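Chain residues, written in single-letter form:
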Amino acid sequence: MYHPALFKGMNVVVTGGGRGIGLEVARQFLDCGARVLVHMGRTIAADRPEFLDLAAAEGRAFLAAADFVADGGVERLADVARSRFDSVDVLVNNAGTMVGRFPAADLTDEQYRTVVQLNQTSVVEMTRTMLPLLRKGTRPAIVNTVSISARMGGSPGSSIYSATKAFVATYSKALARELAPDGIRVNCVSPGTITTDFHERYSTPEKLEATRKTIPLGRLGTAEDCAPAYLFLASHALSGYITGQVLEVNGGQLIC
Ligand SMILES: NC(=O)c1ccc[n+]([C@@H]2O[C@H](COP(=O)([O-])OP(=O)(O)OC[C@H]3O[C@@H](n4cnc5c(N)ncnc54)[C@H](OP(=O)(O)O)[C@@H]3O)[C@@H](O)[C@H]2O)c1
């Protein structure tokens, strides 16, 4: 746990914060004093964790929903951000998922477009639309979620998803150079195999156990293992001389 005032008074936007890694990232930013616009995903679930409503009642959390695959979805979230914040200090582009396992020969145009829109295009759109607010922020930072699959190629049926994550990693490196003169740092967190709803949907228990055996630290990761990396990369005090980097959080699953 970082210092409870590390992000005091700062405005943070976290996409895909309704569950999994994004939810824990939002929780830890709130625990460190930030005001957080939590993009909950496509809907705001009634059974959301209580801490979000408590922070909302204090005026520190703002909950929003937007489908990033629907026309105008990202712009709807940007409108909420502009209505809540005059400036943004931290943008975490985290919303994403594999959508499904699509063998290359059977991939439909619709499946391709959906995976690319959600995991790749929405990051570009969200970044573009938040830049005016980020430029008004204090020592601003962007932290993008990529994936171990960007480096390792992923597993069968995930080729487009894995490639979108590689796109975001390279896009982030290019942006880091481009935005450095504006004082905006851009980095990525690259989770390994993390036990969220993601793998409930796309991996069998047998596949996960086989993966676990390849991990030097001997276990799959958790959202709690990942979240501190986001706060580290978002904090000027902790990582002010780091930009254009991808921080791998995977228990040693990828060492190179
Ligand atoms: N878990 C892993 O092993 C792993 C590994 C590497 C990278 N990642 C990446 O880490 C990020 C978070 O994943 P996670 O494991 O926490 O997954 P998760 O529990 O499935 O959460 C994904 C988040 O993205 C949101 N999202 C999905 N489709 C969306 C859409 N069409 N429009 C807007 N938001 C949408 C979800 O909202 P809904 O509730 O509306 O679906 C949810 O808030 C993703 O970018 C994922 O690719 C995960």
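Everything below is about the structure printed above this text.
Residues numbered from 1 in each chain as written. Predicted model: local features only at pLDDT ≥ 70, side-chain atom pairs only at ≥ 80, totals over all residues. Heavy atoms only, no water.

**Looking at the overall build of the protein**
So, point 1. Counting its regular elements, the protein contains 10 helices and 7 strands.
So, point 2. Computed over C-alpha atoms, the radius of gyration of the protein comes to 17 Å, within 12% of the 18 Å expected from 2.2 N^0.38 for 256 residues, which places it in the range of a compact globule.
So, point 3. Here the C-alpha coordinates of the protein stretch approximately 45 × 40 × 40 Å along the principal axes.
So, point 4. For the protein, with 256 residues in total, the buried portion stands at 50%.
So, point 5. Across the protein, the 26 positively charged side chains and the 25 negatively charged ones have centroids separated by 5 Å. (Helix = DSSP H or I, 4+ residues; strand = E, 2+ residues; numbered from the N terminus. Rg over C-alpha atoms; globule rule 2.2 N^0.38 Å. Buried < 20%, exposed > 50% of the residue type's maximum accessible area, 1.4 Å probe, protein only. Lys, Arg positive; Asp, Glu negative; His and termini not counted. Charge placed at Lys NZ, Arg CZ, Asp CG, Glu CD.)

**A short note on the site of the ligand**
So, point 1. If you check the shell around the ligand, you find 31 residues, and the closest are Arg19, Arg42, Asn94, Tyr161 and Thr196.
So, point 2. Within the side chain of arginine 19, one N or O atom sits 2.6 Å away from an oxygen atom of the ligand.
So, point 3. Between asparagine 94 and the ligand, the recorded distance is 2.8 Å, taken from a backbone N or O atom to an oxygen atom.
So, point 4. For the shell around the ligand, the secondary structure elements donating two or more residues are helix H1 (20–31), helix H6 (159–179) and helix H7 (197–202).
So, point 5. If you tally residues by element for the shell around the ligand, the top one is H7, at 4 residues. (Near = heavy atom within 4 Å. Polar contact = N/O pair within 3.5 Å; in protein donor to acceptor, adjacent residues only side chain to side chain.)

**Here we look at the nonpolar core**
Most often, soluble globular proteins keep nonpolar side chains buried together rather than apart.
So, point 1. Ranked by internal contacts, the top residues of the largest apolar core, which has 32 residues, are Leu37, Met130 and Leu134.
So, point 2. With 7 residues, helix H4 (residues 109–135) is the largest single contributor of residues to this core.
So, point 3. Once residues within four sequence positions are removed from consideration, leucine 37 is found in contact with Val12, Val13, Val14, Phe62, Ala64, Leu77, Val80, Ala81 and Phe85. (Core = buried A, V, L, I, M, F, W, Y, C linked by side-chain atoms within 4.5 Å. Contact = heavy atoms within 4.5 Å.)

**Let's talk about the side chain of threonine 97**
So, point 1. Of note, threonine 97 is situated in the loop between strand E4 (90–93) and H4.
So, point 2. On the basis of relative accessibility, which here comes to 14%, the residue threonine 97 falls in the buried class.
So, point 3. Among the polar contacts listed, one links the side chain of threonine 97 to the side chain of tyrosine 202, at a separation of 3.0 Å.
So, point 4. Apart from the residues within four sequence positions on either side, threonine 97 is in contact with Leu118, Asn119, Tyr161, Phe198, Arg201 and Tyr202.

**A closer look at the side chain of histidine 39**
So, point 1. Position of histidine 39 relative to the elements: it lies in strand E2 (residues 35–39).
So, point 2. Classification of histidine 39 as buried rests on a relative accessible area of 2%.
So, point 3. A polar atom in the side chain of histidine 39 sits 2.9 Å from the backbone oxygen of alanine 66.
So, point 4. Excluding its chain neighbours within four sequence positions, the residues that come into contact with histidine 39 are Val14, Thr15, Gly16, Gly17, Gly18, Ala64, Ala65, Ala66, Phe68, Leu77 and Ala95.

**Points about the pattern of salt bridges**
So, point 1. If you walk through the whole model with that rule in mind, you get 12 salt bridges.
So, point 2. A salt bridge links arginine 27 to aspartate 31, with the shortest nitrogen-to-oxygen separation between them at 2.8 Å. With a gap of 4 residues between them, arginine 27 and aspartate 31 both fall in helix H1, about one helical turn apart.
So, point 3. With relative accessibility at 28%, the residue arginine 27 sits in the partly exposed group.
So, point 4. Judged by its relative accessible area of 33%, aspartate 31 falls in the partly exposed class. (Salt bridge = Lys/Arg side-chain N within 4 Å of Asp/Glu carboxyl O.)

**Side note on the environment of glutamine 253**
So, point 1. Tracing the backbone shows glutamine 253 in the segment after strand E7 (246–249).
So, point 2. In this structure glutamine 253 comes out as buried when scored by relative accessible area, which is 18%.
So, point 3. Between the alpha carbons of glutamine 253 and glycine 192 there is a distance of 7.0 Å; along the sequence they are 61 residues apart.
So, point 4. Excluding anything up to four places from it in sequence, glutamine 253 contacts Ile148, Met152, Gly192, Thr193, Thr211, Thr214, Ile215 and Pro216.
So, point 5. At 3.2 Å, the side chain of glutamine 253 forms a polar contact with the side chain of threonine 193.

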